[in-house]
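# Structural description and commentary
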Amino acid sequence: MLSINQLTKTYSNGVRALDGINLSIPKGMFGLLGPNGAGKSSLMRTIATLQAPDSGSITFDGTDVIASPNELRQRLGYLPQDFGVYPRISAEKLLDHLAILKGLSNKAERKEAVQGLLVHTNLWQHRDKAVSGYSGGMRQRFGIAQALLGDPDLIIVDEPTAGLDRWAGPRRA
Ligand SMILES: Nc1ncnc2c1ncn2[C@@H]1O[C@H](COP(=O)(O)OP(=O)(O)O)[C@@H](O)[C@H]1O
Ligand SMILES: [Mg+2]
């Protein structure tokens, strides 16, 4: 369980993106609905420990996430609103690389996880292509695949359906 208390963030341009947010998030998948500029991405980047709040606290199963981010990082899947990819590296290699960063150290298990996610997101037939050359929808599906790496306890998704293309759902190759 993630517990957010009195979280505030004001950017250097003076925009107060988070103003005393209190929220409890159970394990599972979490997203936010709201108008543009409401602060959804700011909150999710903060939960993903990519930016620090000015004040307030976040705890995950009692551990202070801001002071000790690694525990949550290992158990969190995060689909950012926008993400960059390395050019010229194939989807399968990039997903494998991200899996290593996620701590999947066993090579055989990692290969199974990576290949399974490529099948589930219907990217199997495109696994040798560079993600940088993917369409927006394929890229979004790659984002979903990487968010599911390592079977996370908590998955936070930022605009998960934006640009998502026709996708029949999990399909076996
Ligand atoms: N890095 C940043 N620097 C300055 N202002 C930002 C930054 N990121 C977001 N903002 C501003 O903070 C507010 C909330 O943005 P954001 O968290 O992206 O909202 P949402 O995801 O709900 O659209 C907006 O006014 C936005 O312009
Ligand atoms: Mg956003």
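Up top is the structure these notes are about.
Structure report, in brief. If you're wondering where the values come from, they're calculated on a predicted model, not measured in any experiment. (Residues numbered from 1 in each chain as written. Chains lettered and ligands numbered in written order. Predicted model: local features only at pLDDT ≥ 70, side-chain atom pairs only at ≥ 80, totals over all residues. Heavy atoms only, no water.)

## A closer look at the sheet that holds strand 3 (residues 28-30)
Quick note on the threshold: DSSP calls a pair of strands paired once it identifies at least 2 bridges connecting them. Here a helix means four or more residues in a row that DSSP labels H or I, a strand means two or more in a row labelled E, and each is numbered from the N terminus. Axes, fitted as lines to C-alpha atoms, cover a helix only where it is in contact. Angles between the N-to-C directions of the axes lie from 0 to 180 degrees.
On the basis of which strands lie adjacent, the open sheet formed by three strands has the order 3-7-6 and parallel pairing. Two strands lie at the open edges of the sheet, namely strand 3 and strand 6 (76-79), each paired on one side alone. Here the strands of the sheet are splayed against their neighbours by 15° on average, with no regard to which way each runs. As judged from the four bridges shared by strand 6 and strand 7 (residues 154-157), these two strands associate in the parallel manner. Counted as the bridge partner of Leu76 is Leu154 from strand 7.

## Thoughts on the nonpolar core
Applied cut-off: To qualify as a nonpolar core, a set must consist of buried Ala, Val, Leu, Ile, Met, Phe, Trp, Tyr and Cys residues joined through side-chain atoms within 4.5 Å. The classification of residues rests on relative accessible area computed with a 1.4 Å probe and restricted to protein chains. Under 20% of the type maximum is buried, over 50% is exposed, and intermediate values are partly exposed. In what follows, residue pairs with any heavy atoms lying within 4.5 Å of each other are defined as contacts.
Leu95, Tyr134 and Phe142 are the most contacted members of the largest nonpolar core, which has 21 residues in total. With five residues, helix 5 (residues 136-147) is the largest single contributor of residues to this core. Apart from the residues within four sequence positions on either side, Phe142 is in contact with Phe83, Ala91, Leu94, Leu95, Leu98, Leu123, Val131 and Tyr134. Among the nonpolar cores identified, the runner-up in size contains 18 residues, and Leu18, Ile25, Ala48 and Leu76 belong to it.

## Details of the layout of surface pockets
Leftover empty space is mapped by rolling, across the atoms, a probe with the size of a water molecule. Quick note on the threshold: A cavity here means a set of points on a 1 Å grid, drawn over the protein atoms and nothing else, where a 1.4 Å probe fits but cannot get out; a pocket is an open set with protein on both sides within 12 Å along at least five of seven lines, and a residue lines either one if it has an atom within 4 Å of a point. Grid points are joined across faces, edges and corners, and a volume is the space filled by probe spheres set on the points. Gly falls in the polar group here, along with every residue not listed as nonpolar (Ala, Val, Leu, Ile, Met, Phe, Trp, Tyr, Cys, Pro) or charged (Asp, Glu, Lys, Arg).
For the largest pocket, the calculated volume is near 640 Å³. Together, 23 residues line the largest pocket, and Tyr78, Leu98, Leu101, Lys102 and Gln146 are the ones closest to its centre. When residues of the lining of the largest pocket are traced back to their parent elements, those giving at least two are helix 2 (69-75), strand 6, helix 3 (91-101) and helix 5. A class-by-class count of the residues in the lining of the largest pocket yields 13 nonpolar, eight polar and two charged.

## So, the environment of Arg73
For Arg73, the position within the fold is in helix 2. Considering only alpha carbons, one finds Arg73 and Asn5, 68 residues apart in sequence, at a separation of 19 Å. Not counting residues up to four positions away in its chain, the partners in contact with Arg73 are Thr49 and Lys102.

## As for the sheet that holds strand 4 (residues 55-60)
Adjacent strands of a sheet pair through backbone hydrogen bonds, lying either parallel or antiparallel. Across the sheet, four strands lie side by side as 2-1-4-5; this open sheet has antiparallel pairing. Looking at which strands have only one partner, the edges of the open sheet turn out to be strand 2 (16-25) and strand 5 (63-64). Strand direction decides the pairing type here: strand 4 and strand 5, joined by two bridges, are antiparallel. Note that in strand 5 the partner of Phe60 across the bridge is Thr63.

## As for the coordination of the magnesium ion (ligand 2)
Ideal geometry at a metal gives 109.5 degrees between four tetrahedral donors and either 90 or 180 degrees between six octahedral ones. Keep this limit in mind: Here a donor is an N, O or S atom found within 2.8 Å of the metal, or within 3.2 Å if the metal is Na, K or Ca; sites may look incomplete because water is not among the atoms.
For the magnesium ion (ligand 2), the full set of protein donor atoms is Ser41 (OG) and Gln81 (OE1), and the range of their distances to it is 2.0 Å. Of the two residues, Ser41 sits in helix 1 (residues 40-47) while Gln81 sits in the loop between strand 6 and helix 3, which places them 40 residues apart along the sequence. Taking relative accessible area as the criterion, Ser41 reaches 17% and is therefore assigned buried.

## Topic: helix 3
The line we're drawing: Each direction from the helix axis to a C-beta atom contributes to the arc, which is the arc of those directions.
Burial in helix 3 covers these residues: Ala91, Glu92, Leu94, Leu95 and Ala99. All buried residues of helix 3 lie within an arc of 165° about the axis, which places them on one face of the element. Those residues of helix 3 that are exposed and angled more than 90 degrees off the buried face are Lys93 and Leu101. Here the buried face of helix 3 lies against helix 4 (107-120) and helix 5. After helix 3 finishes, the residue Gly103 shows a positive phi value of roughly 100°.

## Observations regarding the pattern of salt bridges
Note the threshold: What counts as a salt bridge is simple: a side-chain nitrogen of Lys or Arg found within 4 Å of a carboxyl oxygen of Asp or Glu.
Under the criterion given, the structure shown has six salt bridges. Note that Arg127 and Glu92 form a salt bridge whose closest N and O atoms lie 3.8 Å from each other. Of this pair, Arg127 sits in the loop between helix 4 and helix 5 while Glu92 sits in helix 3, and the two are 35 residues apart along the sequence. Among the ionic contacts, a cluster of salt bridges with common partners joins Lys27, Asp61, Arg75 and Asp153.

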